[in-house]
Amino acid sequence: MSEALRRHVAAFNDRDLRGLLDGFTDDAVWITGSSVVRGRDELTELFSGAMEQLLPTLTVENVLADGDQVAAQLTERLTHNGDDHVFAIAGFYRLSGDRIASAKIYREGSAELG
């Protein structure tokens, strides 16, 4: 597995916001469904809100890496409005050095939780 992705998932699951943000470039772009966030301030808002409200965890199922590009199949578990959900996720990451420069995340079904 890509070291950048391994650190990203570990920080995400540990709810280590600082560690998670350290894994991104300053100008990183994160796209999920119709949501596009850019830069550290927006990433901080996105991930801190998700960690506090949804209590998500990720499990990496498969990874393909080629140079600065990584594709991963993951399982996401979260709680939304008191209900537990499990989603299949596909994530496509572009790296810059050992940090994530961009990510496009596809959640099985709809990326919007409503």
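Computed from a prediction, not measured in an experiment: that's the story for all the values here.

Participant: Break down the UniProt feature "domain: SnoaL-like" (unreviewed entry) in the protein chain for me, with residues and values.
Facilitator: Under the UniProt annotation, "domain: SnoaL-like" (unreviewed entry) lies at residues 6–102. End-to-end, the C-alpha atoms of residues 6–102 are 16 Å apart, and along that stretch the chain is 31% helix and 55% strand.

Participant: An account of the nonpolar core is needed here, citing residue identities and associated values.
Facilitator: Counting residues in each nonpolar core, the largest one holds 28 residues, and the members touching the most others are Leu20, Phe24, Trp30, Leu43, Phe47, Leu74 and Tyr93. Contributions of two or more residues to this core are made by helix H1 (3–14), helix H2 (17–22), strand S1 (24–32), helix H3 (39–53), strand S4 (69–80), strand S5 (83–96) and strand S6 (99–107). Per element, the largest residue contribution to this core is five residues, and it comes from H1. Not counting residues within four places of it along the chain, the set of residues in contact with Phe24 comprises His8, Trp30, Arg40, Leu43, Phe47, Arg99 and Ile100.

Participant: Tell me about the pattern of salt bridges, residues and numbers included.
Facilitator: On inspection of all chains with the given rule, the structure shows five salt bridges. With a closest N to O distance of 3.9 Å, Arg7 and Glu3 form a salt bridge. Taken as a pair, Arg7 and Glu3 lie in helix H1 at a separation of four residues, close to a single helical turn. Overall, Arg7 belongs to the partly exposed group, its relative accessible area being 30%. Judged by relative accessible area, Glu3 falls into the partly exposed class, the value being 41%. Residue Asp98 pairs with Arg7 through a salt bridge whose shortest N-O separation is 3.9 Å. Here Asp98, found in the loop between S5 and S6, pairs with Arg7, found in helix H1; they are 91 residues apart in sequence, far enough to count as distant. In this structure Asp98 comes out as partly exposed when scored by relative accessible area, which is 47%.

Participant: Describe the sheet that holds S5, and please don't skip the residues or the numbers.
Facilitator: On the basis of which strands lie adjacent, the open sheet formed by six strands has the order S2-S1-S6-S5-S4-S3 and mixed pairing. The open sheet has two edge strands with one neighbour each: strand S2 (35–38) and strand S3 (57–66). Adjacent strand axes in the sheet meet at a mean angle of 15°, parallel and antiparallel pairs treated alike. Bridging between S1 and S6 involves five bridges; their strand directions are parallel. Residue Val29 lies in a different strand from S6, and its bridge partner there is Ser102. This element, H3, spans S1, S2, S4 and S6 of the sheet and lies at about 55° to S1.

Participant: Give me the pairing of S2: which residues, what numbers.
Facilitator: The side chains of a regular strand alternate between the sheet's two faces. Of the pairings in the sheet, the one linking S1 to S2 comprises four bridges and is antiparallel in character. From the neighbouring strand, Val29 faces S2, where its bridge partner is Arg38.

Participant: Kindly report on the environment of Leu46, identifying the contributing residues and their values.
Facilitator: Note on placement: Leu46 falls in helix H3. Take Leu46: its relative accessible area is 29%, and that puts it in the partly exposed class. Residues Leu46 and Arg15 lie 31 residues apart in sequence; the distance between their C-alpha atoms is 13 Å. Sequence-distant contacts of Leu46, defined by excluding residues within four places in its chain, comprise Trp30 and Val37.

Conventions adopted
- Residues numbered from 1 in each chain as written.
- Predicted model: local features only at pLDDT ≥ 70, side-chain atom pairs only at ≥ 80, totals over all residues.
- Heavy atoms only, no water.
- UniProt positions renumbered as here; feature names shortened; annotations may be inferred.
- Helix = DSSP H or I, 4+ residues; strand = E, 2+ residues; numbered from the N terminus.
- Core = buried A, V, L, I, M, F, W, Y, C linked by side-chain atoms within 4.5 Å.
- Buried < 20%, exposed > 50% of the residue type's maximum accessible area, 1.4 Å probe, protein only.
- Contact = heavy atoms within 4.5 Å.
- Salt bridge = Lys/Arg side-chain N within 4 Å of Asp/Glu carboxyl O.
- Pairing = 2+ DSSP bridges.
- Axes fitted to C-alpha atoms, helices over the stretch in contact; angles between N-to-C directions.

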